Amino acid sequence: MVASKYAIFLFLPKFAILIMHLPETINSPIIHTNLRQLYIESYGCAMNFSDSEIIGSIMAEHGFEFTNDEFNADVIFLNTCAIRDNAEQKIRDRLKHLRGNKKKNKELIIGVLGCMAERLKSKLLEEEKLVDLVAGPDAYRDLPKLVAEVEDGNKAINVLLSREETYAEISPLRLNTNGISAFVSIMRGCDNMCSFCVVPFTRGRERSRDAESIVNEVKVLSDSGYKEVILLGQNVDSYLWFGGGPKVEFKNASEDVKANAVTFDQLLEMVALVNPSMRIRFSTSHPKDISDEVLFTMKKYDNICKHIHLPAQSGSTRLLEAMNRTYSREWYMEKHRRILEIMPDCSISCDIISGFCSETDEDHKETLSLMEACQFEFSYMYKYSERPGTLAAKKMTDDVPEEIKSSRLTEIIYLQSKLSLENNKSYIGKTVRVLADGLSKKSDLDLTGRNEQNAKVVFPKSTYNIGDFVDVLIERVTTTSLIGIAVD
Ligand code: 5AD
Ligand code: SF4
């Protein structure tokens, strides 16, 4: 979501097809003979990429090794996304291509995992004859058994959603890693019920992962030389560890349990203290849940990066209400102001949807004016795509014509490019601290990395290496990058 995985999450279209190139060797204590070959492709958000690493670990424990040659695979897993219709269309197109693989290798097992699997369930097996196995996001421990069922000549499916599963103790197999930056999943599911969103239906109830297991994973990453962790969840600010189970049950917990609960600001602090020179990032924040405590914790620790992804979705209070976002335009702007009051150097990025049900020109203008007012450093911008089963699909009409959705989206993208360029220009002449995470795609003589605010920086490699923290003086910029030279 691959110079740095975070780079993928934040700066490429979210549903670009990205193939995980998997390491040939794995750190499994079990010695296998005749290892079967597994090929995984991950689509969609960072959470899916993180899940693929959990799947990798589970499969490695059951006699699989990884191949990046799809034609050499015994099993192909597509870890899918369902958030917009075009994300599912990509998977269907990919499945068509995989017919050729199946023709060459009749024994090949094809599994569809993740959100699309959860949304369509057994329908997927009926509609896509090629698919042998379907597994939802909470069923990954069952994958080896499901593969065995297919080997016995059956189709296999598990789409049960869990109220407890967090894969807490599974040590993810770091796939396609640059050895610098790693995802750490801290919670699963979402209880928010934004009316446009299918995630609560595909990923189930919100539940948090044991804080101790998160801290232990970060320690292992730090000991292995990783320089950055990205804490992941659909809604990280509502993280609440109180011993397991869905968050909705917290209100029934005993006073003792409540007193020992770990909130997101406390978790951030625990993670920041693991290694003061390790960078900590997190995503995604719902504006209603990000608290002053989180902001003050970010401010207190130099190693917590000053960047918040704070999706607004729309600038119109009327639409925000229809979206069930639980805040108004003014409330969002006040939260935005508060963040900058506490951390003037914090960058704030956004998600915007154009053409949601009943959106008028006036609503659209309010979105543009919110963007101008907040001067977002970066945004992900989408056309509304109706998702079956959501509140909006049931109760509202998808009545904004496609051409209007597109023209509004073009205006939103145009404005964001202008804002990004203006923001980037403000760095010219300044020195920023960059964690180098890869070689530039354009030249092997240049390194790329991110500053604390998550802006992409390019500079001549000289004697520096991937994984170094480098001070870079910014000389010129584009809409997407800061370009400069390293200074001692
Ligand atoms: N149509 C378009 N965009 C959507 N998103 C979620 N659901 C939809 C939908 N049905 C966007 C939101 C969210 C991001 C992950 O995807 O902006 O923040
Ligand atoms: Fe979807 Fe809203 Fe949950 Fe985000 S917070 S995953 S948009 S329901």
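Values in this document were obtained by computation on a predicted structure and should not be read as measured data.

So, how was this worked out
- Residues numbered from 1 in each chain as written.
- Chains lettered and ligands numbered in written order.
- Predicted model: local features only at pLDDT ≥ 70, side-chain atom pairs only at ≥ 80, totals over all residues.
- Heavy atoms only, no water.
- Pairing = 2+ DSSP bridges.
- Helix = DSSP H or I, 4+ residues; strand = E, 2+ residues; numbered from the N terminus.
- Axes fitted to C-alpha atoms, helices over the stretch in contact; angles between N-to-C directions.
- Near = heavy atom within 4 Å.
- Nonpolar A, V, L, I, M, F, W, Y, C, P; charged D, E, K, R; others polar.
- Core = buried A, V, L, I, M, F, W, Y, C linked by side-chain atoms within 4.5 Å.
- Buried < 20%, exposed > 50% of the residue type's maximum accessible area, 1.4 Å probe, protein only.
- Contact = heavy atoms within 4.5 Å.
- Polar contact = N/O pair within 3.5 Å; in protein donor to acceptor, adjacent residues only side chain to side chain.
- Areas by Shrake-Rupley, 256 points an atom, 1.4 Å probe, with all protein chains shown as cover.
- Expected span 1.5 Å × (residues − 1).
- Arc of directions from axis to C-beta.
- Domains from an automatic or database assignment.
- Buried area = accessible area lost by both parts, 1.4 Å probe.
- Salt bridge = Lys/Arg side-chain N within 4 Å of Asp/Glu carboxyl O.
- Disulfide = S-S within 2.5 Å.
- Phe/Tyr/Trp six-rings, centres within 6.5 Å; stacked < 30°, edge-to-face > 60°.
- Lys NZ or Arg CZ within 6 Å of the ring centre and 35° of its normal.

1. Description of the sheet that holds strand β21 (residues 469-477)
Line of reasoning, step 1. With respect to topology, five strands assemble into a closed barrel ordered β18-β19-β20-β22-β21, the strand pairing being mixed. For this sheet the average axis-to-axis angle between neighbouring strands, irrespective of direction, equals 55°.
Line of reasoning, step 2. Note that strand β18 (residues 431-439) and β21 share five bridges and pair antiparallel. Across the sheet, T431 pairs through a bridge with L473, a residue of β21.

2. Looking at the site of ligand 2
Line of reasoning, step 1. In the vicinity of ligand 2, the residues found are C190, N192, M193, C194, F196, C197, V199, P200, Q234, H286 and R325.
Line of reasoning, step 2. Tallied by class, the residues present in the shell around ligand 2 amount to seven nonpolar, three polar and one charged.

3. Thoughts on the nonpolar core
Line of reasoning, step 1. Ranked by size, the top nonpolar core spans 62 residues in total, and within it L231, Y239, F264, M298, I308 and Y332 carry the most contacts.
Line of reasoning, step 2. Counting residues per element, this core draws most heavily on helix α10 (residues 264-272), which supplies five residues.
Line of reasoning, step 3. Other than its neighbours up to four places away in sequence, M298 contacts L268, F282, I304, C305, K306, H307, I308, M343 and C346.
Line of reasoning, step 4. I54, F64, Y140 and L175 belong to the second-largest nonpolar core, a separate cluster that totals 26 residues.

4. Some words on the site of ligand 1
Line of reasoning, step 1. Around ligand 1, the surrounding shell holds twelve residues, and the nearest of these are R84, F196, Q313, D351 and S385.
Line of reasoning, step 2. Within the backbone of S385, a nitrogen or oxygen atom sits 2.7 Å from a nitrogen atom of ligand 1.
Line of reasoning, step 3. Within the complex, the protein chains bury 90% of what would otherwise be the 400 Å² of accessible surface of ligand 1.
Line of reasoning, step 4. When residues of the shell around ligand 1 are traced back to their parent elements, those giving at least two are β16 (347-354) and β17 (378-383).
Line of reasoning, step 5. The residue makeup of the shell around ligand 1, split by class, is five nonpolar, two polar and five charged.

5. Comments concerning helix α14 (residues 361-374)
Line of reasoning, step 1. Between its first and last C-alpha, α14 extends 20 Å over 14 residues, near the 20 Å set by a 1.5 Å rise per residue.
Line of reasoning, step 2. Listing the buried residues of α14 in full gives D363, H364, T367, L368, L370, M371 and C374. An end-on view of α14 places all buried positions within 155° of arc, on one side of the element.
Line of reasoning, step 3. Considering only its buried residues, α14 is in contact with α12 (317-322), α13 (329-342), β16 and α16 (402-425).
Line of reasoning, step 4. Backbone geometry just downstream of α14 places Q375 in the positive-phi region, at approximately 50°.

6. Regarding the domain arrangement of the protein
Line of reasoning, step 1. What the domain assignment reports for the protein is domain 1 (7-158), domain 2 (181-425) and domain 3 (431-486).
Line of reasoning, step 2. The distance between the C-alpha centroids of domain 1 and domain 2 comes to 27 Å.
Line of reasoning, step 3. At the interface, 24 residues of domain 1 touch 25 residues of domain 2.
Line of reasoning, step 4. Across the domain 1 to domain 2 interface the summed buried area is about 2,100 Å²; carbon plus sulfur atoms make up 58%.
Line of reasoning, step 5. One can count five salt bridges joining domain 1 with domain 2.
Line of reasoning, step 6. Ionic pairing is found between R203 and D51, a salt bridge with its closest N-O pair at 3.0 Å.
Line of reasoning, step 7. Counting across the interface, domain 1 meets domain 2 through eight residue pairs in polar contact (both at pLDDT 80 or more).
Line of reasoning, step 8. Looking at the side of domain 1 that touches domain 2, the elements that each hand over two or more residues are α1 (5-11), α2 (46-60), α3 (85-104) and α4 (115-120).
Line of reasoning, step 9. Among the residues forming the side of domain 1 that touches domain 2, the class breakdown is 14 nonpolar, two polar and eight charged.

7. Here we look at the pattern of salt bridges
Line of reasoning, step 1. Applying the stated rule across the entire model yields 39 salt bridges.
Line of reasoning, step 2. Among the ionic pairs, E88 bridges to R119, the shortest N-O distance being 2.6 Å. With E88 in helix α3 and R119 in helix α4, this residue pair connects regions lying 31 residues apart in the sequence.
Line of reasoning, step 3. As a salt-bridge pair, E169 and R141 come within 2.8 Å of each other at their nearest N and O atoms. Pair noted here: E169 is in the loop between β7 (156-158) and β8 (181-185) and R141 is in the loop between β6 (133-135) and α6 (143-151), with a separation of 28 residues, a long-range link.

8. Some remarks on the environment of A486
Line of reasoning, step 1. With respect to the helices and strands, A486 occurs in strand β22 (residues 481-486).
Line of reasoning, step 2. In this structure the C-alpha to C-alpha distance between A486 and V432, which are 54 residues apart in sequence, comes to 9.4 Å.
Line of reasoning, step 3. Sequence-distant contacts of A486, that is, excluding residues within four places in its chain, are made with F459, Y464, V470, D471 and V472.

9. Comments concerning α16
Line of reasoning, step 1. Its 24 residues place the ends of α16 35 Å apart at the C-alpha level, agreeing with the 34 Å of an ideal helix rising 1.5 Å per residue.
Line of reasoning, step 2. Contacts made by the buried residues of α16 are with β16, α14, β17, β21 and β22.

10. Regarding the state of the cysteines
Line of reasoning, step 1. The tally for this structure, following the rule as stated, stands at zero disulfides.
Line of reasoning, step 2. With no disulfide of its own, C115 lies closest to C81 among cysteine sulfurs, the gap being 6.3 Å.
Line of reasoning, step 3. Here C374 stays unpaired: no disulfide links it, and the sulfur of C350, its closest cysteine neighbor, is 7.4 Å away.
Line of reasoning, step 4. Given the relative accessible area of 7%, C374 is considered buried.

11. Notes on the packing of aromatic side chains
Line of reasoning, step 1. In total, this model carries ten aromatic pairs according to the counting rule given.
Line of reasoning, step 2. With a centroid separation of 6.2 Å and 80° between ring planes, the pair formed by F196 and F356 is classed as edge-to-face. Taken together, the residues span a long stretch of sequence, with F196 in the loop between β9 (187-188) and α7 (199-203) and F356 in the loop between β16 and α14 at a distance of 160 residues. Considered together, F196 and F356 belong to a single accessibility category, that of buried residues.
Line of reasoning, step 3. Among the aromatic residues, ring-to-ring pairing joins Y327, W331, Y332 and F376 into one connected group.
Line of reasoning, step 4. Positioned above the aromatic ring of Y382 is the side chain of R84, whose terminal nitrogen or guanidinium carbon lies 3.6 Å from the ring centre.
Line of reasoning, step 5. A cation over an aromatic ring shows up here: K258 above the ring of F250, its NZ or CZ 5.8 Å from the ring centre.

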